[in-house]
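What the coordinates show
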Amino acid sequence: MTQEEIKASVLDIISEIVPDEDTSHLDPEVRIRDQINLDSMDFLDIIMELRKRYQVDVPEEDYPKLASLNSCAAYLDPWLKDK
Amino acid sequence: MDYDVIIIGAGLSGLAAGIRLAHFGQRVCILEKHGRVGGLNSYYPIQGRITDVGLHAMTNYVPKSVKSAPLVKILRQLRLSYDDLQLCPQATSRIIFPEKELQFTNDFHFLVQEIADKFPGQVDRFMKLTRSLVSYDDFSLGEKSVSTRTVLNSFLSDPLLIEMLLCPVLFYGSPKEDDIDFSQFSILFRSIFTEGFARPRQGMQQILHLLVEKYRESGGELRTRCQAHHLGIQKDLVAEVHLADGEILGAKTFISSIGLPETRALCSHWEPLAQEPEPGELSFIESILFTDVFPSQALGFEPTILFYSDSDRFCYKKPDGPVDLSSGVVCCPNNYQLTEPMPEGIIRLTHLANFSLWNGFDASEYRMAKDRWAQESVKKAERFIPCLSQHIKAQDTFTPKTVLKFTGRCNGAVYGSPDKVSDGRTPIKNLFICGTDQGWVGIVGTLLSGITIANKYVLY
């Protein structure tokens, strides 16, 4: 997966969890939670969907690294680049 | 191991827990002793109609534009869409006491204005109370028990206002006589007054159908007409569940939604608790009446739901006689803001009732008492709906005994045991409680209970 594809899959996960939020205008540099309404349960669901779909286990101390779309792509790249 | 998780009871909380677990790849099986799902909040056929067992309202209603609310939380967690529920909001509901009447809608400001008009000296105090409730962390596990009456007395100085606010809250969720834990009050106050009432267009059937479909499509297994006979305990773990037909199923984790005393009764061994769970004492009788006219047009009955008490001190207790007619709830599903009208008029009449008296009747006494109290209840309701009795074309009544028969709840106590296990834990390490006896009530509350227990003890 390229970085762009990783961002697209994270966006796909987000829109499954919060279908009523418009995710098409998300700024990839800015914290996702500052742009759309995501509570902590929603955020944990993103982590669990990553595990379910791509077998990526994100340890709790790394959660802050998933704050923006760009930081997600950078963090997930080692796991997803060969998928 | 046959399964990762076995859930006992396919009511709202069991189904919600099941959806979460199945969605994230757990092997889940839900055991339901009846042929139909729904538990305390189900549906059944009467003379060719599908009718809700006891649904008055889905509380916690918020419009689609609201982004942060318990309803939004459960929809997201269960991957359901708001539009699938086809919610029809209420019009106006009333609380009628001898001295005063309060109306409320799904707009909280309307209630504030009502209180300002009818209890002018109390409105600032009421706002202060409301602010303290909003800051209360509703949905966190493990709340301590605090008396709501004590808290209300510290905010409000007019006892009548306290009684009038307690009336709908206790009727819609208190397992305790004359009071309720403040954590539960906080949740119910928000669900009834701050948010509000709505009805899924097709009632419980619609919600339950969505949940079962979602559960199955996520890979969960549902066994109906399948009764858990007992849980085999080894040391401090459930090893397996023995079914009534003799089959034995194993799992790593067990979640029970059937109530705390009821779950305890299934366990072959259970280390004594500091305080043994007491079954609840509060049960209800409810008549559902189908009328040949629409109550708002022909009978002048406009409220969606009406709560009344004949006494200024609302008495929420197990009555001395079979039924307490001095208070009650009248619900008219036609008076929701429906997208298309229902085919006939419907009225539900609900009163507190005494389980042990109903349970003690022999078959013919029971039938006679049921007919008599259904009639008395209609007569009582004619104060609000004149000539109601002349327009009834079909009716059915459930009693505390009916509740026991169909839900297995001790004493027919629809809000369960007054002893809640708010963190869902039991002395058995891999056995958890969700639903009514975890403490979050109402459709949205109980769904959130199943979700939270599944998240906390299995998924997170």
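Placed above this text is the structure.
Anyway, here's the lowdown on the structure attached to this text. (Residues numbered from 1 in each chain as written. Chains lettered and ligands numbered in written order. Predicted model: local features only at pLDDT ≥ 70, side-chain atom pairs only at ≥ 80, totals over all residues.)

1. Quick look at the interface of chain B and chain A
If you look at the interface, chain B gives twelve residues, while chain A gives eleven residues. The element best represented in the side of chain B that touches chain A is helix α2 (residues 70-77) of chain B, accounting for three residues. Here the side of chain B that touches chain A is built from residues that sort into four nonpolar, four polar and four charged. (Contact = placed C-beta atoms within 7 Å. Helix = DSSP H or I, 4+ residues; strand = E, 2+ residues; numbered from the N terminus. Nonpolar A, V, L, I, M, F, W, Y, C, P; charged D, E, K, R; others polar.)

2. Overview of the packing of helix α1 (residues 12-23) of chain B against helix α14 (residues 442-459) of chain B
Residues and elements named next belong to chain B. Between α1 and α14, the least distance of the axes is 7 Å, while the angle of their chain directions is 40°. Judged on the interaxial angle alone, α14 and α1 are oblique. For the pair α1 and α14, the sense of crossing is right-handed. Across the interface between the two elements, Leu12, Ser13, Gly14, Leu15, Ala16, Ala17, Arg20 and Leu21 of α1 pack against Ile443, Thr446, Leu447, Ser449, Gly450, Ile451, Ile453, Ala454, Asn455, Val458 and Leu459 of α14. A per-class count over the contact of α1 with α14 returns twelve nonpolar, six polar and one charged. (Axes fitted to C-alpha atoms, helices over the stretch in contact; angles between N-to-C directions. Parallel < 35°, antiparallel > 145°, perpendicular 65-115°, else oblique. Left-handed = near helix turned anticlockwise from the far one by under 90°.)

3. Let's talk about the packing of helix α1 (residues 3-17) of chain A against helix α2 (residues 40-54) of chain A
All names here are of chain A. Look at α1 against α2: their axes get within 10 Å of each other, and the N-to-C directions meet at 130°. Between α1 and α2, the crossing angle belongs to the class labelled oblique. Where α1 crosses over α2, the two elements pack in a sense that is right-handed. Across the interface between the two elements, Ile13, Ile14 and Ile17 of α1 pack against Asp42, Asp45, Ile46 and Glu49 of α2. A breakdown of the residues in the contact of α1 with α2 according to their chemical character gives four nonpolar, no polar and three charged.

4. Describing the sheet that holds strand β17 (residues 392-398) of chain B
Residue and element names in this part refer to chain B. Sheet architecture is open: seven strands sit in the order β7-β6-β14-β15-β16-β13-β17, paired in mixed fashion. Lying at the two open borders of the sheet, with one neighbouring strand each, are β7 (101-104) and β17. Recorded for the sheet is a direction-independent mean angle of 20° between the axes of neighbouring strands. Direction of pairing for strand β14 (residues 305-309) relative to strand β15 (residues 323-331): antiparallel, over a ladder of five bridges. Each bridged residue has a counterpart across the sheet, and for serine 309 the counterpart in β15 is serine 327. Along the sheet face, helix α6 (residues 159-171) touches β6 (93-96), β7, β14 and β15 and points at about 115° away from the line of β14. (Pairing = 2+ DSSP bridges.)

5. Brief notes about the pairing of strand β13 (residues 283-291) of chain B
All names here are of chain B. For β13, the buried fraction is high: nine of the nine residues fall into the buried class. Side chains Ser283, Ile285, Ser287, Leu289 and Thr291 project from β13 onto one buried face, and the interleaved Phe284, Glu286, Ile288 and Phe290 project onto a second face that is buried too. In this sheet, strand β16 (residues 345-353) lies alongside β13 in antiparallel orientation, the contact comprising nine bridges. Counterpart to threonine 291 in the pairing with β16 is glycine 345. For β13 and β17, the ladder comprises six bridges, and the chain directions are antiparallel. From the neighbouring strand, phenylalanine 290 faces β17, where its bridge partner is alanine 394. (Buried ≥ 20, exposed ≤ 12 C-beta atoms within 10 Å, placed from the backbone.)

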